[in-house]
Amino acid sequence: MTFAIHGLAVAPGIAIGRAVIAVSSRMEVVHYFIEPHQIGDEIKRARRARDTVVDELKRMQEEMPADVPHELAALLDVHLMLLQDELLENGVKRWISDRLYNAEWALTTQLELITRQFDEMEDEYLRERKADLEQVAERILRYMRGVASPVAPPSSPRRAQPVLAGMSEDFAEDPLVLVASDLSPADMLQFKNSVFAGFVTDVGGKTSHTAIVARSMDIPAVVGARSASQLVRQDDWVVIDGDAGVVIVNPSSIILEEYGFRQRQVSLERERLSRLRHTPAVTLDGQSIRLLANIERPGDCEAAMRGGAAGVGLFRTEFLFMGRAGKMPDEDEQYASYLEALDGMKGAPVTIRTIDIGADKPLDKGHREQSVLNPALGLRSIRWSLADASMFRTQLRAILRAARHGPVHLLFPMLSGVGEIRQTLAQLDLARAELDTRGVAYGTLKIGAMIEVPAAALMVRSFLKHLDYVSIGTNDLVQYTLAIDRADEAVAHLYDPMHPAVLRLIADVIAAANEAGKEVSVCGETAGDVTMTRLLLGLGLRCFSMHPAQILAVKQEILRADAAKLTEWAQTVLDSDDPQSLCAAAA
Ligand code: PEP
Ligand code: MG
């Protein structure tokens, strides 16, 4: 039966494929692809975990006091039986060998499949055994957690023949789309360059980091789709409409045809835009605009160069630290990554932002579980760095060393006061002194701050006295100005980058930087939003940093714009209570 699920449109385009469900009801696990040569070891890892739990339960049985209630002893029997059931073991084996899922993912996928069968059972007693099955699976997962070791997904598409019961058709060549309850940014990174043609998640807001990574991957995505991961079944056909924020499950042939047509139109439009790659970004009245790229990994520089970026305006280095079970990359490893980015940009400047961890960007799952009540207001970003000065200086030393080899702009996130700037710069001085002591050479760099807290926007004139440049992080600036959690789909409708209060802060920061003769850019999602381009130009912005895939569309807007004429119009938008309608009318 065809049905539609509505969510938030976060990455444009149309994806059509079979669903891969990357979640089990209650259990949060790591998801990644293994390499084909790891199949045997991964199956062994799953079996070892299962066997350990079997041994544990058997020991419990043996040591059980004689007066223990009969029901409890019987329950242990049931658990042992379920653990050793062929359906579970063979299913897990198949997901590992056919789909190259890691053991945890294979286990939760098989569990999902079996529990659905339990749900359909008439017999109440058997139906209730579903909870037992979940309990034994949780035991296995708990054991595996200690031995899990994520590996990068294969970079080239791979498919294998699924042989699970009920999956008899040959769909080896079908594209796949990922449907998950939630995906951490680290999960998303592991899926980067993998096989998925699109993403759907139950949770998340438009500027949640999961959405941002999806956009950076340039594949259609819908987040905040509530119970999509429950409603869609493994291998269902799914259309993801990343423009409208709609997911269509089991589409009819007419719907498929329509979306196939739209898919072709999107690729034609992309082809047309690609002709602008070498065209300088200059407005009709001759204003030259710098278009930079946001990257998460040094490897993203390739896409940045392809998109015609004049440099990297934001390297979110926290992605180098994620999903490593708390083991930080050391100075040399970081240095190598920064050098790789500089090399990748072939002499163009690279803006390296120091680690911005916390809130919806946990270091790993454990870190998120420990998170506090209001993580977005807690020990995140620069606060986290200043609280762990030795970790922070390791990063600063690596960046300073890299700066010898190319133009590096150092960027500090989430500063909220001049005192914090002083502390941060003191750490930078210390990092230099440490390199001096070791006799290690380093380079000069430009120093900038993100303006993403209203306090920083209001104090920008004082900030600028200590800095070479500022970059406006609109994702957080909107979140903190409007008190809207950017990752919470329940308040996503209130998240408004065109709110007059936000626009006033943005306008003032741009004006202050321009008056001080210092560079100002926007590196939040609004920089890549073509509906905002003319307004930002009118407010005096001359430097935009965005996902590489958005650069050409923004460039097209710039080529059609007359910046001088937009200045006056931007002031009327700024004075209006309803900027949204004025912008829509002028579009
Ligand atoms: C921002 O807040 O706008 C920004 C660019 O930083 P991040 O999205 O990584 O928090
Ligand atoms: Mg931010």
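The chain has the name Phosphoenolpyruvate-protein phosphotransferase in an unreviewed UniProt entry, where Diaphorobacter aerolatus is given as its organism. The chain has a UniProt comment under Catalytic activity (unreviewed entry) that states "L-histidyl-[protein] + phosphoenolpyruvate = N(pros)-phospho-L-histidyl-[protein] + pyruvate". Reading the Sequence similarities (unreviewed entry) entry of the UniProt record for the chain gives the comment "Belongs to the PEP-utilizing enzyme family."

(A) Molecular detail of the coordination of the magnesium ion (ligand 2). Glu452 (OE) and Asp476 (OD) make up the full set of protein donors to the magnesium ion (ligand 2), lying at 2.0 to 2.2 Å. Highlighted residues: Glu452 in the loop between strand S13 (446-451) and helix H16 (454-458) and Asp476 in helix H18 (residues 474-482), separated in sequence by 24 residues. On the basis of relative accessible area, Glu452 is assigned to the buried category, the value being 2%. On the basis of relative accessibility, which here comes to 2%, the residue Asp476 falls in the buried class.

(B) Representation of the pairing of strand S8 (residues 246-249) within the structure. The side-chain alternation of S8 yields two buried faces, one formed by Val246 and Ile248 and the other by Val247 and Val249. Looking at chain direction, strand S1 (residues 3-6) and S8 are connected through 4 bridges and run antiparallel. Counterpart to Ile5 in the pairing with S8 is Val247. Here 4 bridges tie strand S7 (residues 237-241) to S8, and the two strands are oriented antiparallel to one another. Bridging from a neighbouring strand, Val239 pairs with Ile248 of S8. In this antiparallel pair of consecutive strands, S7 and S8, the connection spans 4 residues, and Gly245 shows a positive phi of 75 degrees.

(C) Geometry of the pattern of salt bridges. By the definition in use, this model includes 30 salt bridges. A salt bridge links Glu519 to Arg290, with the nearest nitrogen and oxygen atoms 3.6 Å apart. Note that Glu519 is positioned in strand S15 (residues 519-522) and Arg290 in strand S9 (residues 290-295), a separation of 229 residues in sequence. Of the residues examined, Glu519 reaches a relative accessible area of 32% and is grouped as partly exposed.

(D) Up close: helix H4 (residues 103-119). For H4, which comprises 17 residues, the first-to-last C-alpha distance of 24 Å matches the rise-based estimate of 24 Å (1.5 Å per residue) to within 8%. Among the 17 residues in H4, 14 count as buried, and that is most of the element.

(E) Layout of the packing of aromatic side chains. Here the structure, examined in full by the defined rule, presents 8 aromatic pairs. With 5.7 Å between their ring centres and 5 degrees between their planes, Trp95 and Tyr101 make a pair best called stacked. Note on accessibility: Trp95 and Tyr101 belong to one class, buried. Ring pairing ties together the aromatic residues Phe33, Trp95, Tyr101, Trp105, Phe196 and Phe199, which thus form one cluster. Its guanidinium or amino end placed over the ring of Tyr335, Arg401 lies 4.1 Å from that ring's centre, counting from NZ or CZ.

(F) Layout of the sheet that holds S1. Spatially, the 8 strands line up as an open sheet ordered S1-S8-S7-S3-S4-S5-S6-S2, and their pairing is mixed. The open sheet has two edge strands with one neighbour each: S1 and strand S2 (8-11). Pairwise comparison of adjacent strand axes, ignoring direction, gives a mean angle of 30 degrees for this sheet. The strands that helix H7 (residues 209-216) touches are S2 and strand S6 (221-223); relative to S2, the one it contacts most, it runs at about 45 degrees. Set on the sheet, helix H9 (residues 253-274) makes contact with strand S3 (14-21), S7 and S8; between it and S3 the angle comes to about 120 degrees.

(G) Examining the site of ligand 1 more closely. If you check the shell around ligand 1, you find 17 residues, and the closest are Arg316, Arg353, Gly473, Asn475 and Arg486. Arg316 places a polar side-chain atom, nitrogen or oxygen, 2.7 Å from an oxygen atom of ligand 1. In the model, an oxygen atom of ligand 1 is placed 3.0 Å from a nitrogen or oxygen of the Asp476 main chain. Protein coverage of the free-state accessible area of ligand 1, which is 290 Å², stands at 100%. For the shell around ligand 1, the secondary structure elements donating two or more residues are H7, strand S10 (312-316) and H18. Ranked by residues supplied to the shell around ligand 1, first place goes to H18 with 3 residues. Taken together, the residues of the shell around ligand 1 sort by class into 4 nonpolar, 5 polar and 8 charged.

(H) How the structure looks around the UniProt feature "binding site: Mg(2+)" (unreviewed entry) in the chain. As recorded in UniProt, the sites labelled "binding site: Mg(2+)" (unreviewed entry) are Glu452 and Asp476. These annotated residues cover 25 residues of sequence, but their C-alpha atoms sit close together, with the largest distance between any two at 5.2 Å. Residues within four places of Glu452 in sequence aside, it is in contact with Pro413, Met414, Gly473, Asp476, Leu477 and Tyr480. A distance of 2.8 Å separates a polar side-chain atom of Glu452 from the backbone nitrogen of Met414. Not counting the four nearest positions on each side in its chain, Asp476 is found in contact with Arg380, Glu452 and Arg486.

(I) Spotlight on H7. Judged by how many residues are buried, H7 sits mostly within the fold: 8 of 8 residues are covered. By the burial criterion, the buried members of H7 are His209, Thr210, Ala211, Ile212, Val213, Ala214, Arg215 and Ser216. Asp218 sits one or two positions beyond H7 and adopts a positive phi of about 60 degrees.

About the cut-offs
Residues numbered from 1 in each chain as written. Chains lettered and ligands numbered in written order. Predicted model: local features only at pLDDT ≥ 70, side-chain atom pairs only at ≥ 80, totals over all residues. Heavy atoms only, no water. UniProt positions renumbered as here; feature names shortened; annotations may be inferred. Donors = N, O, S within 2.8 Å, 3.2 Å for Na, K, Ca; no water. Helix = DSSP H or I, 4+ residues; strand = E, 2+ residues; numbered from the N terminus. Buried < 20%, exposed > 50% of the residue type's maximum accessible area, 1.4 Å probe, protein only. Pairing = 2+ DSSP bridges. Salt bridge = Lys/Arg side-chain N within 4 Å of Asp/Glu carboxyl O. Expected span 1.5 Å × (residues − 1). Phe/Tyr/Trp six-rings, centres within 6.5 Å; stacked < 30°, edge-to-face > 60°. Lys NZ or Arg CZ within 6 Å of the ring centre and 35° of its normal. Axes fitted to C-alpha atoms, helices over the stretch in contact; angles between N-to-C directions. Contact = heavy atoms within 4.5 Å. Near = heavy atom within 4 Å. Polar contact = N/O pair within 3.5 Å; in protein donor to acceptor, adjacent residues only side chain to side chain. Areas by Shrake-Rupley, 256 points an atom, 1.4 Å probe, with all protein chains shown as cover. Nonpolar A, V, L, I, M, F, W, Y, C, P; charged D, E, K, R; others polar.

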